[in-house]
Amino acid sequence: MSKKQFSDSSSKTGYYGYSSESRNISSGKKSTKNSSSKLRHSAIIGVILALIQLAVSVVFVGLVLYKNFAFISVPILTGIIIVLIILLAVVLSTQKGSLTVKRVGKVISVIVIIILLVLTYLIAPLARMSGKRVSTDPFVVFVSANDTFGEFDDETIGRSDTNILAVINPKTYTILMISTPRDYYVPVQAEGVAPESYDKLTHVGLYGNGTAYNSSGEDVTASDWRWAYEVNWHPGCEALMDTLQYIYDFDIPEDSYHYVKLNFTGFAELIDALGGITVDVDVPFSTTTYASYGDEDTGERKTYTYTEGEMKMDGDTALTFARERHSFAAGDMQRNQNQVKVLNAISDKLLSGTTLLHYTSIIDAIQNSFSTDMDISSMVSLQTQISMDSDYNGWNIMSFGVEGQSSRQICTYTGTSLSVVLQDEDSNNRATNLINMVLDGESADAIKQQIDTYNEEQGH
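Position labels on residues start from 1 in each chain and follow its written sequence. In keeping with the predicted nature of the model, local features appear solely for residues at pLDDT of at least 70, side-chain atom pairs appear and are counted solely at 80 or more, and the whole-chain, interface and lining totals rest on all residues. Water and hydrogen atoms were dropped before computing side-chain values, which therefore reflect all heavy atoms in the structure.

### Notes on the overall build of the chain
So, point 1. Going along the chain from the N terminus, every DSSP run of H or I of four or more residues is numbered as a helix, and every run of E of two or more is numbered as a strand. Scanning the chain for helices and strands turns up 14 helices and 17 strands.
So, point 2. Exposure classes here rest on a 1.4 Å probe applied to the protein chains alone. A residue is buried below 20% of its type maximum, exposed above 50%, and partly exposed in between. The buried share of the chain, taken over its 460 residues, is 47%.
So, point 3. Note on definitions: a residue-residue contact is assigned when non-hydrogen atoms from the two residues lie within 4.5 Å. Put simply, of all contacts in the chain between residues at least 6 apart along the chain, 71% involve residues at least 24 apart.
So, point 4. Total accessible area computed for the chain in this model is approximately 23,400 Å², and 53% of it derives from carbon and sulfur atoms. We get accessible surface area from the Shrake-Rupley algorithm with a probe of 1.4 Å; when it comes to residues, only the shown protein chains can shield them.

Structure representation (C-alpha cells):
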C-alpha cells in the first residue's frame, strides 16, 4: 500500500480503520460534554428557583404572623410551613436527578412561587402596609369628606364637608359617632395661626397640618400675614384632628388616633363598590341641588326624591342625601343627622363577612379618592378576630350630634364675616362624656341610655 493510500485510509477510518467506531467515539465525547453542561445549567436554575421560593415563603409566613389573621390558627400556620418546607425539599432533591426530574422540580417551584406571590398580594398589598395598625385597645377615627371631585390623596387640601369622630372600643363592640356641624365656630389648633384664631370647622381643613409657608417654600408664622388665605399650607389633617380633640377634650394615644379621608367622588364610589346602602329617611324631601353633577349625555341635573322610611341608595343618591341642608328647617343640624345615617349604613356593609373577604377590591375601587393612616388589613384582622368571640353579636353602633346657634362671625381664613354655628358648651360636654364612656369600656346599654337622656335635653 502506498503512503498516499495509507494516509487517505487513516484519515477516513480512524485508528483501527473502522469508520463507524471513529464516529461513535467522537460523538460520545461531545454528548457527554453537552449532557454535563445541561445538567449543570439545570442545577443552577433549580437552585435559583429554590432560593426565590424560600425567600417568598419567608415573606409570606412573616406577613401572616405580622398581620395576625384570626382565621389562620396555629395548626393551619404550622401546616402551611410544613408544606412549604416539603415543596422546597422536593425542588432541592431533584437537582441531583435526571433532566426530566429536574424539570418537574422547577415546574413545582414556579407554581409555588406564583401562588405565594398572589397570596402575599391578597393578604398584604404593599401600598396598605405603611399605616398604623389597630388592636383590641380603644381607638378613635376621624372621618372626613373633602369637598372635591376627581382624584384625591394625602397631598390634597380642601374644606371638610363631613366631620365625624368614630370612637371605637373593640372590647365592648361599641362604635360611637360624634358629628360636628361643618360651620361650627371653633378655635383653630394650628402652629401657623395666632392664638384665639376662630374659624368654621369646614375651613380648618384648609390649614392642612397647621404649618404655613410662603411662595419661596419657607415656613412663616402668623405674624407674617393677616389672613390664612394669604399663605400656603402644608397638606395633612392634623389641624382638623387637633381642633376636634381640643373642643371635646378626650385623651387618646397618638398611635390610636387615626383618620380616613374621602372626597365626594370617593364617597360615591365606596357606596357603589359596596353594592349600595339602605338608609332610614325620617324627613322626606326632593332636591336637584347636588344631583349627580350633571347627566352624562345632556349635562342636566337630576332630581332626587327621598321618601320616608327605608330607602335603597346608590353612590350619587347617598351623596346628595348627605350633603343637602337647604330643604330642612333645621338646616345643618338635619344634615348632620343624615350624614350619620349614611355612615351607619356604610359601617353595616363594611363589617359584613362578605365585604371583609373582598376588602382589597373595594379599596382598589376608591384608591384614587381615598386616604388613611391606618393599616387596613389590620382592621380586617381585628374584625375577623372579634367575630370569633363567643359573646360577639355584632357591633353596637350609636351616634350623637352636637348643636349650636346660628350667627355671623369673622373667620380667620377669609377675614370676612360669614354664617357660622356658635358652639354650645353643654352639648360639647355631653359629647365629651359619651366619648369617655366608650373609651373607658362602659356597656353599650349604659351609653345608649345616656344618649337618649342627652337627646331629650337637646329637644329631640
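So, next bit.
### Quick look at a negative patch on the surface
So, point 1. Within this analysis, patches are made of residues with over 30% relative accessible area and no salt bridge. Like charges are joined at 9 Å or less; nonpolar side chains (Val, Leu, Ile, Met, Phe, Trp, Tyr) at 5 Å or less. Just to be clear on terms, a salt bridge is a Lys or Arg side-chain nitrogen sitting within 4 Å of an Asp or Glu carboxyl oxygen. His residues and chain termini do not enter the charge count, which takes Lys and Arg as positive and Asp and Glu as negative. Here the site of a charge means NZ on Lys, CZ on Arg, CG on Asp, or CD on Glu. There is a patch of like negative charges on the surface, built from Glu191, Glu238, Asp242, Glu254 and Asp255.
So, point 2. Its place among the elements puts Glu191 in the loop between β4 (185–187) and β5 (198–200).

### What to know about the packing of helix α7 (residues 264–273) against helix α9 (residues 332–350)
The relative placement of two packed helices is expressed as an angle between their axes plus a distance between the axes.
So, point 1. Interaxial angle, 0 to 180 degrees, is taken between N-to-C directions of lines fitted to C-alpha atoms, where a helix line uses only the stretch in contact. Look at α7 against α9: their axes get within 10 Å of each other, and the N-to-C directions meet at 45 degrees. By the criterion of interaxial angle, the relationship of α7 to α9 is oblique. Regarding α7 and α9, the two cross each other, and that crossing is left-handed. Along its contact with α7, which presents Phe267, Leu270 and Ile271, the element α9 presents Val342, Ile346 and Leu350.
So, point 2. Split into classes, the residues belonging to the contact of α7 with α9 amount to 6 nonpolar, no polar and no charged. Every angle not falling under 35 degrees, over 145, or within 65 to 115 is termed oblique; those three ranges are roughly parallel, roughly antiparallel and roughly perpendicular. Should the near helix be turned anticlockwise from the far one by less than a right angle, the crossing is termed left-handed; should it be turned clockwise, right-handed. Note that Gly is not counted as nonpolar here; it falls among the polar residues with everything else outside the nonpolar set of Ala, Val, Leu, Ile, Met, Phe, Trp, Tyr, Cys and Pro and the charged set of Asp, Glu, Lys and Arg.

### A closer look at a nonpolar patch on the surface
So, point 1. A surface patch of nonpolar side chains, about 260 Å² in accessible area, is lined by Ile44, Ile48 and Ile52.
So, point 2. Inspection of the secondary structure puts Ile52 in helix α2 (residues 19–67).

### Structural notes on helix α8 (residues 315–323)
So, point 1. Taken across its 9 residues, α8 has 8 buried, putting it largely inside the fold.
So, point 2. The complete set of buried residues in α8 reads Gly315, Thr317, Ala318, Leu319, Thr320, Phe321, Ala322 and Arg323.
So, point 3. Pairing of N or O atoms within 3.5 Å defines a polar contact, subject to two protein rules: one partner must be a possible hydrogen donor and the other a possible acceptor, and residues neighboring in sequence count only if both atoms are side-chain atoms. With a side-chain oxygen positioned 3.5 Å from the backbone nitrogen of Asp316, the residue opening α8 is Asp314.

### What about the sheet that holds strand β15 (residues 396–401)?
So, point 1. Taking strand neighbours across the sheet as the criterion, the 6 strands line up as β14-β9-β1-β2-β3-β15 in an open arrangement whose pairing is mixed. With partners counted over all chains shown, the strands left at the sheet margins are β14 (370–372) and β15, one partner each. Pairwise comparison of adjacent strand axes, ignoring direction, gives a mean angle of 15 degrees for this sheet.
So, point 2. Judged from the 8 bridges that link them, strand β1 (residues 139–146) and strand β2 (residues 160–169) form a sheet pairing that is antiparallel. Within the sheet, the bridge partner assigned to Phe142 lies in β2 and is Leu165.
So, point 3. Relative to strand β9 (residues 257–263), α7 is tilted by about 90 degrees, and along the sheet it contacts β1, β2 and β9.
So, point 4. Here helix α14 (residues 444–457) sits on the sheet and contacts β3 (174–179) and β15; the angle it forms with β15, its principal contact strand, is near 25 degrees. A pair of strands counts as paired when DSSP detects no fewer than two bridges linking them.

### Notes on the confidence of the model for the chain
So, point 1. In this model, the chain carries an average pLDDT of 79, and 76% of its residues clear a pLDDT of 70 or more.
So, point 2. Between residues 1–27, whose pLDDT stays under 50, and residues either more than four places distant or in other chains, the model counts 7 contacts.
So, point 3. Every residue carries a pLDDT, the predictor's confidence in it, which falls somewhere between 0 and 100. Note that residues 125–129 has pLDDT below 50 and, in this model, 15 contacts with residues that lie over four places away or in other chains.

### Brief notes about the pattern of salt bridges
So, point 1. Scanning the model with the defined rule gives 7 salt bridges in all.
So, point 2. Across the salt bridge formed by Asp183 and Arg182, the nearest N and O atoms sit 3.2 Å from each other.
So, point 3. Its salt-bridge partner being Lys200, residue Asp183 comes within 3.6 Å of it at the nearest N-O pair. Here Asp183 is found in the loop between β3 and β4, whereas its partner Lys200 is found in strand β5, with 17 residues between them in sequence.
So, point 4. Relative accessible area serves as the criterion here: at 12%, Lys200 is assigned to the buried category.
So, point 5. One network of salt bridges, in which partners are shared, links Asp161, Arg182, Asp183, Lys200 and Arg323.

### Comments concerning the nonpolar core
So, point 1. Residues enter a nonpolar core if they are buried and are Ala, Val, Leu, Ile, Met, Phe, Trp, Tyr or Cys, with the set joined through side-chain atoms within 4.5 Å. Membership of the largest hydrophobic core comes to 48 residues, with the highest contact counts inside it found for Leu165, Tyr207, Trp233 and Tyr248.
So, point 2. Once residues lying within four places of it in the same chain are set aside, the contact partners of Tyr207 are Val188, Val193, Asp199, Ala228, Trp233, His234, Ala239, Thr412 and Tyr413.
So, point 3. Within the second largest apolar cluster, 45 residues are counted, among which are Tyr173, Phe267, Ile346 and Ile376.

### A look at the packing of aromatic side chains
So, point 1. Centres within 6.5 Å make a pair out of two Phe, Tyr or Trp rings, where for Trp the six-membered ring is used; the pair is then stacked when the planes are under 30 degrees apart, edge-to-face when over 60, and tilted otherwise. Going through the model one piece at a time under the given rule, you end up with 12 aromatic pairs.
So, point 2. An aromatic cluster of three or more residues is present, and its members are Phe285, Tyr304, Tyr306, Phe321 and Phe328.

### Details of the sheet that holds strand β6 (residues 212–213)
So, point 1. Strand order across the open sheet formed by 3 strands is β7-β6-β8, with antiparallel pairing between neighbours. Edge strands, defined here as strands with exactly one partner in the open sheet, are β7 (219–220) and β8 (232–233).
So, point 2. The sheet contact formed by β6 and β7 spans 2 bridges and is antiparallel. Counted as the bridge partner of Ala212 is Val220 from β7.

### Focus: the pairing of strand β10 (residues 277–281)
So, point 1. Side-chain alternation along β10 places Ile277, Val279 and Val281 on a buried face and Thr278 and Asp280 on a face that remains uncovered.
So, point 2. One ladder, built from 5 bridges, connects β10 with strand β13 (residues 309–313); its direction is antiparallel. Its bridge partner lying in β13, Asp280 is registered against Glu310.

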